[in-house]
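As a plain string of letters, each chain reads:
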Amino acid sequence: MPDASRPNAVPAPGGPDKAAETRSLNFIEQIIEADRAAGKHGGRVHTRFPPEPNGYLHIGHAKSICLNFGLAERYGGKFNLRFDDTNPEKEEQEYVDSIIRDVTWLGGRFDSGPHAGGLYYASDYFEQMYAFAEELIRKGKAYVCALTADEVSKRRGTPQIPATSPFRDRPADESLRLFREMREGKHPDGSLTLRARIDLASPNFNLRDPVMYRVLHEPHQHTGDKWCIYPMYDWAHGLEDSLEGITHSICTLEFEDHRPLYDWFIRAINEGRTDDGSGPWGRKIHHPQQIEFAKFRPTYTVLSKRNLLKMVQQGVVKGWDDPRMPTISGLRRRGYTAEALRRACTEVGTTKVESFIDLTRIENAVRDHLNKAAPRGMAVLRPLKVVLENWPEGQTDELDFVVNPEDPAAGTRKVPFSRVLYIERDDFMENPPKKFFRLAPGVEVRLRWAYFVTCTGVVKDAAGNVTEVRCTVDPATRGGDAPDGRKVKGTIHWVSAAHAVEVEARLYDRLFNAEQPGKRTGNYLDDLNPTSLETVRALIEPALAAAKPGDTFQFERLGYFRADEDSQPGRPVFNRTVTLRDTWAKAAGAD
RNA sequence: UGGGGAUUGGUGUAACGGUAGCACGAGUGGCUCUGAACCACUUAGUCUAGGUUCGAAUCCUAGAUCCCCAGCCA
């Protein structure tokens, strides 16, 4: 038993002012600390993130990146980015590039800084893997099988009935010859495989003589046409980890029953090898430890690359980086910050329990971060004209506004005020219900940071719609406070009509209406939210027109918005990241 | 009907035989020039049934429910 002081308590991340806080170790950290206490791997910690470059990274990968990099950071270890590029049929350079971009953006420092372990490609190890494979053949632990994929499938057996292969006892020298011919391109796709001789009767089907190599005459994004045989995941993955000196190989739950295979391959290579390298087979290779954890699964989204790819191909979204996509590129474009994503990943913890994470949790993480970090601005999404009857025509007042009340260092900005303004259509009601604190006939409200105004009447069109609101302004309230100390219940945002800039605002909502898309009908596309994107012509205060792609703001009372890559100089396009919490809408909707 | 995992408030997570705690949400109140933020309080939980023990979320037995596995994908 560990001693009385709680070894499970560690300082939580979050800065020196929070150093007093502690959180418990997750199960992986407990394993690592036990390993270090026992002197395993010489106390080293070396992790890796091993994506296959067959799609863009999504928020589930973000969890894995944060976990792996976080462990390297916490234990003073190293972190590798490694492309698990063993299947050229699905892999592309575009994906390689996007993955490097996304891992870097998220803060996975694989190529610089104290924890950088490097950038690797599994395909760079193909020669070494091939040599190991020949070794297993010579040791009688692998054989070349001539069964077709179909035949293998038919002979797979059942839990009770073992699998079969007529080639299992092919002599080693014959397998060796055929394996070399496979490499030399003398055999067509699918004709031969190299299989591990493990256990055709194993209740774990992964051990029923799994395929190690298949023939595939397909150019590879990284190795070109050098190879026409490619290693399978189970054979390759442990070797990649071993060659890189990975200590803790962290993967997801579905690989749990591959772990015996992971270990079998490394032990098979080490059989006959020695610690000092003496003997016919040489020195033992490093044996990392595979550990599995549960995926990050948010509600209201799909994460499988197959499903994401389908939406891209069918044009359901505009690309892998569409701001509605759960991809890291999409979330970034939407306005999510790396900090918010990292925090969300840490907050939900790491376990083996397959749970759903409320999407609102991720939304709250970005609200929290942006509330502290984002400069404020005013924009009107659905404009309603307001005329101040007692404000002189042509006269402009220039007011100083706080850039961010949460951050005094952010300073102030200038905002023009004049006779004709626009306010949000939702902020006016001709016949308001109780507790409507906004503008209505006879009601006085504050225009944010500016003046008190009182509604004196409305102008309507032939159909009876309000097209204009008439108000009087109290000049003594300049700056937003009344010298006589009188209070108003409501404060609303506004822009000056003569100075506002009209821009495109893209109002994003969740992509799916169901917590688990596809659960109802079996087809996730049946649960698409038809209003996941609404585009409006918004009016913004002039200072905001200078926004450049990537600039993020809080539009007061509306939400957080990020200038999109589609922006033109002086004409930004804004993506709504997330709305502000809106208890009024919730209360009003409940009636 | 084989094998591998999992099960603690609404959600996520802690506890490692000794007071079931934390976060998020939700509710109420306060504060407020954002119906935001912030502050305070409240809410609500050990899958079931037995057993061991002075004492069980934790150990044992039996069961229930859910997830993964029979690609030459990863």
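So, how was this worked out
Residues numbered from 1 in each chain as written. Chains lettered and ligands numbered in written order. Predicted model: local features only at pLDDT ≥ 70, side-chain atom pairs only at ≥ 80, totals over all residues. Heavy atoms only, no water. Near = heavy atom within 4 Å. Polar contact = N/O pair within 3.5 Å; in protein donor to acceptor, adjacent residues only side chain to side chain. Helix = DSSP H or I, 4+ residues; strand = E, 2+ residues; numbered from the N terminus. Nonpolar A, V, L, I, M, F, W, Y, C, P; charged D, E, K, R; others polar. Buried < 20%, exposed > 50% of the residue type's maximum accessible area, 1.4 Å probe, protein only. 1 Å grid on protein atoms, 1.4 Å probe; cavity = no way out; pocket = protein on both sides within 12 Å on 5 of 7 lines; lining within 4 Å. Points joined across faces, edges and corners; volume = space filled by probe spheres on them. Domains from an automatic or database assignment. Contact = heavy atoms within 4.5 Å. Buried area = accessible area lost by both parts, 1.4 Å probe. Salt bridge = Lys/Arg side-chain N within 4 Å of Asp/Glu carboxyl O. Pairing = 2+ DSSP bridges.

Participant: I tried to follow the protein's contact with RNA strand B on my own but got confused; where do I start?
Facilitator: For RNA strand B, the set of nearby residues contains 66 residues, the closest of which are Arg156, Arg376, Arg446, Gly479 and Arg581. At the protein interface, 67% of the atoms of RNA strand B within 4 Å belong to sugar or phosphate. Separating a phosphate oxygen of RNA strand B from a side-chain N or O atom of Lys586 is a distance of 2.8 Å. Mapped onto the surface near RNA strand B, the elements with two or more residues apiece are α5 (149-154), β8 (211-215), α12 (359-373) and α13 (583-590). Classifying every residue of the surface near RNA strand B gives 21 nonpolar, 21 polar and 24 charged.

Participant: Just to check I follow, could you spell out unusual backbone geometry for this structure?
Facilitator: Non-glycine residue His41 carries a positive phi angle of around 55°. Relative to the elements of secondary structure, His41 occurs in the loop between α1 (27-37) and β3 (46-49). Here His41 falls in the buried class, since its relative accessible area comes to 16%.

Participant: Honestly, empty space enclosed by the protein in this entry has me stumped. Any pointers?
Facilitator: Think of a ball as big as a water molecule: rolled over the atoms, this probe shows where empty space is left. Summed over all chains, the structure comprises 1 cavity of 30 Å³ or more. Lining the largest cavity are Met378, Val415, Pro416, Trp494, Val495, Ser496, Ala500, Glu541 and Pro542. Put simply, the parts of the chain that give the lining of the largest cavity at least two residues each are β16 (412-417) and β22 (494-496). Looking at which element gives the most residues to the lining of the largest cavity, the answer is β22, with 3 residues. Per-class residue counts for the lining of the largest cavity are 7 nonpolar, 1 polar and 1 charged.

Participant: How should I be thinking about the domain arrangement of chain A in this particular structure?
Facilitator: Bring the parts together and some accessible area is lost; that lost area is often taken as the interface size. Looking at chain A, the domain boundaries give domain 1 (145-231), domain 2 (298-373 + 501-591) and domain 3 (377-499). Each partner contributes residues to the interface: domain 2 has 22 residues there, and domain 3 has 28 residues. Taken together, both faces of the contact between domain 2 and domain 3 bury some 2100 Å²; the carbon and sulfur share is 51%. Where domain 2 touches domain 3, the interface holds 4 salt bridges. A salt bridge links Arg557 to Asp427; the nearest nitrogen and oxygen atoms lie 2.3 Å apart. The tally of links from domain 2 across to domain 3 stands at 12 residue pairs in polar contact (both at pLDDT 80 or more).

Participant: Explain the pattern of salt bridges here, please?
Facilitator: Pairing between side chains becomes possible if they bear opposite charge and their charged atoms approach one another. Scanning the model with the defined rule gives 49 salt bridges in all. Close ionic contact of Glu29 with Arg74 constitutes a salt bridge, the shortest N to O distance being 3.2 Å. In this pair, Glu29 sits in helix α1 while Arg74 sits in helix α2 (residues 59-74), placing the two residues 45 residues apart along the sequence. Judged by relative accessible area, Arg74 falls into the partly exposed class, the value being 29%. Measuring nitrogen to oxygen at the nearest pair gives 2.7 Å for the salt bridge that ties Glu541 to Arg413. Highlighted residues: Glu541 in the loop between β24 (533-540) and β25 (552-555) and Arg413 in strand β16, separated in sequence by 128 residues. The buried category is assigned to Glu541, whose relative accessible area is 2%.

Participant: Can you help me understand the pairing of strand β19 (residues 452-460) in this one?
Facilitator: Within a regular strand, side chains alternate between the sheet's two faces. Relative to β19, strand β18 (residues 444-447) runs antiparallel, the two sharing 3 bridges. Residue pairing for β19: Arg446 is matched across the bridge by Phe452. From the end of β18 to the start of β19, which pair antiparallel, there are 4 residues, and Trp449 there has a positive phi angle of about 65°. Between β19 and strand β20 (residues 466-474), which pair antiparallel and follow one another directly, the connecting turn spans 5 residues, one of which, Gly464, has a positive phi of 90°.

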